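Next come the chains, spelled out residue by residue.
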Amino acid sequence: MTNSSAQQSSSSAGDATSGTAAPVLDVRALNRATLARQLLLHRSTRSVRDAVVHLVGLQAQNTRPPYHALAARLDGFGPEQLSALMARREVARIVTLRSTIHTHTADDCLALTPLVQPARDRELGTFRTGLTGVDLDRLAAVARELVEAAPRTPAQLREALGAEWPDADPRALAVAARCTLPLVQVTPRGLWEESGQAALTTAEHWLGRPAEPAPEPESVVLRYLAAFGPASVRDMQTWAGLTRLRAAFERLRPRLVTFRDPAGVELFDLPDAPRPDPDTPAPPRFLPEFDNLLLSHADRSRVIPPALHGRNWRGNQAYRTLLVDGFLAGLWKLDADALVVEPFGELTRARREEVTAEGERMLRVLYPGASYDIRFGDVVSR
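Below, the structure is looked at part by part. None of the values given here were measured: they were computed from a predicted structure.

## Focus: the overall build of the chain
(1) Moving on: Secondary structure summary: the chain contains 15 helices and 14 strands in total.
(2) Moving on: For 382 residues, the compact-globule formula gives about 21 Å, and the C-alpha radius of gyration of the chain, at 22 Å, lands near that figure.
(3) Moving on: With the C-alpha coordinates of the chain rotated into their principal frame, the extents come out at 60 × 60 × 35 Å.
(4) Moving on: Look at the contacts in the chain between residues 6 or more apart in sequence, and 67% of them connect residues 24 or more apart.
(5) Moving on: For the chain, the accessible surface area stands at approximately 16400 Å², while carbon and sulfur atoms represent 50% of it.
(6) Moving on: If the 46 positive side-chain charges of the chain are averaged to one point and the 46 negative ones to another, these points end up 2 Å apart.

## Quick notes on the sheet that holds strand β14 (residues 373-376)
(1) Moving on: The five strands lie next to each other as β8-β11-β12-β13-β14, forming an open sheet whose pairing is mixed. Looking along the sheet, the strands with just one partner apiece sit at the ends: β8 (285-287) and β14. Adjacent strand axes in the sheet meet at a mean angle of 30° when their direction is disregarded.
(2) Moving on: Relative to strand β12 (residues 327-334), strand β11 (residues 321-324) runs antiparallel, the two sharing four bridges. The residue of β12 that forms the bridge with T321 is L331.
(3) Moving on: Contacting β8 and β12, helix α4 (residues 65-73) crosses the sheet at an angle of about 165° to β8.

## Here we look at the nonpolar core
Generally speaking, soluble globular proteins have nonpolar side chains that are buried together.
(1) Moving on: Of all hydrophobic cores here, the largest spans 32 residues; its most connected members are V48, L70, F77, F286, M362 and L366.
(2) Moving on: Elements with a contribution of two residues or more to this core: α3 (48-54), α4, α5 (79-87), β11, β12, β13 (338-343) and α15 (349-366).
(3) Moving on: When residues in this core are grouped by element, the largest group, five residues, is from α15.
(4) Moving on: Apart from the residues lying within four places of it in its own chain, the contact partners of V48 are L70, L74, F77, Q81, L82 and L85.

## Comments concerning the packing of aromatic side chains
(1) Moving on: Following the criterion strictly, the structure yields nine aromatic pairs and no others.
(2) Moving on: Relative to W332, the ring of F286 has its centre 5.6 Å away and its plane inclined at 85°; by these criteria the two rings are edge-to-face. Taken together, the residues span a long stretch of sequence, with F286 in strand β8 and W332 in strand β12 at a distance of 46 residues. A single burial state applies to F286 and to W332, both of which are buried.
(3) Moving on: Members of the aromatic cluster, joined through ring pairs, are Y67, W192, Y367 and Y372.
(4) Moving on: Sitting above the plane of the F376 ring, R352 keeps its charged end 4.1 Å from the centroid.

## A few points about the pattern of salt bridges
(1) Moving on: Scanning the entire structure with this criterion turns up 29 salt bridges.
(2) Moving on: Two residues, E164 and R138, come together in a salt bridge whose shortest N-O distance is 2.9 Å. Of the two residues, E164 sits in helix α9 (residues 154-164) while R138 sits in helix α8 (residues 136-149), which places them 26 residues apart along the sequence.
(3) Moving on: On the basis of relative accessible area, R138 is assigned to the partly exposed category, the value being 40%.

## Considerations on the environment of V53
(1) Moving on: Position of V53 among the secondary structure elements: in helix α3.
(2) Moving on: C-alpha separation for the pair V53 and A172, spaced 119 residues apart in sequence, amounts to 32 Å.
(3) Moving on: Ignoring any residue separated from it by four or fewer positions in sequence, one finds V53 in contact with T105 and R223.

## With respect to the environment of T202
(1) Moving on: Turning to its location among the elements, T202 is positioned in strand β5 (residues 200-202).
(2) Moving on: Relative accessible area serves as the criterion here: at 0%, T202 is assigned to the buried category.
(3) Moving on: When the C-alpha atoms of T202 and L146 are compared, they prove to be 10.0 Å apart, with 56 residues separating the residues in sequence.
(4) Moving on: For T202, the contacting residues outside a window of four places in its chain are R144, V147, E148, P182, L183 and V184.
(5) Moving on: A distance of 3.1 Å separates a polar atom in the side chain of T202 from the backbone nitrogen of H205.

## Focus: the environment of M86
(1) Moving on: Mapped onto the secondary structure, M86 falls in helix α5.
(2) Moving on: For M86, a relative accessible area of 4% translates into the label buried.
(3) Moving on: Those residues within four positions of M86 in sequence are excluded, and the remaining contacts are V91, R93, T103, T187, R189, G190 and L191.

## Regarding the pairing of β14
(1) Moving on: As paired elements, β13 and β14 share four bridges and run parallel to each other. Looking at the pairing, L339 lines up with I374 of β14.
(2) Moving on: Viewed along the sheet, the connection from β13 through α15 into β14 turns out right-handed.

Cut-offs used in this document
Residues numbered from 1 in each chain as written. Predicted model: local features only at pLDDT ≥ 70, side-chain atom pairs only at ≥ 80, totals over all residues. Heavy atoms only, no water. Helix = DSSP H or I, 4+ residues; strand = E, 2+ residues; numbered from the N terminus. Rg over C-alpha atoms; globule rule 2.2 N^0.38 Å. Contact = heavy atoms within 4.5 Å. Areas by Shrake-Rupley, 256 points an atom, 1.4 Å probe, with all protein chains shown as cover. Lys, Arg positive; Asp, Glu negative; His and termini not counted. Charge placed at Lys NZ, Arg CZ, Asp CG, Glu CD. Pairing = 2+ DSSP bridges. Axes fitted to C-alpha atoms, helices over the stretch in contact; angles between N-to-C directions. Core = buried A, V, L, I, M, F, W, Y, C linked by side-chain atoms within 4.5 Å. Buried < 20%, exposed > 50% of the residue type's maximum accessible area, 1.4 Å probe, protein only. Phe/Tyr/Trp six-rings, centres within 6.5 Å; stacked < 30°, edge-to-face > 60°. Lys NZ or Arg CZ within 6 Å of the ring centre and 35° of its normal. Salt bridge = Lys/Arg side-chain N within 4 Å of Asp/Glu carboxyl O. Polar contact = N/O pair within 3.5 Å; in protein donor to acceptor, adjacent residues only side chain to side chain. Right-handed = clockwise from strand over helix to strand, strands pointing away.

Here's what the structure looks like:
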């Protein structure tokens, strides 16, 4: 389906009274649409801040992934640009989506935290046995006073809270503080090549303004579709770590268009969002571990071929991933003197040249003062 035909057929796809069956988008159509939303089909000239807003944050379990993610997506990006925003407290690292650390704008730090509180409540529930006798309201007040007096490392927070509740599990106390308060990691943590230990304070204290009410779910549905659509209700629930979002999609149905995936699952989308021709070329991209492209759908076959399911993970550890023709095609790592590419299958000479050129670009952007060779390792079979 070309973009034009998709737009023509979608004019009635969102009309529940039309009786017209929703068009089917095959895997390549979904792949190209998602890459376009993710700024991976063509690099964007957006500012770093605008990109972070559009992508609704960047996965940041480790400190370098946000920089690698933006290097793959933005034209003219330099790591100092994101570091400068972080140093000015215009963006920050905070636990939000899926109860994992993300780099968000200040606005999203304050707005998204209350939206995803149910996921944080579920996480807290798994530590209840270690919190017997602990009044969570008092714990939140004590923890707030501690971290706003001075940023605390997790170890310091455990120790201080343990002194207040000596019979409780120190780790559970620290988790409770993180789940009941919007805690950000203060700089220099997260700055490019300047990172240190994680130290925590509240988002309100760090950003200098109070928390905001949770946004209406519908507004976040629209943002999710703009960055990850077309998508199902389950896809967004997977991305956010939330449940019961069906009602928000239904309220938006008159404003959206609908499709079906090859398995017949209903997909929602914005009427004017890009849905490129499935044959649109997709250049290679080097993505970081935990990139949201690979984590934000219940059905990840639009990016991860079924035969490669689970190949970019081992236990709780994710590997840095290589996209070729828009799909997961291998892993990569930086050794002492080389960028090592480990494909999952044999690459043609032309593909290897494309991957090499993209690798050279990534190295120039992120490591301009270093000297790295580019080597192709053995085909990964694990």
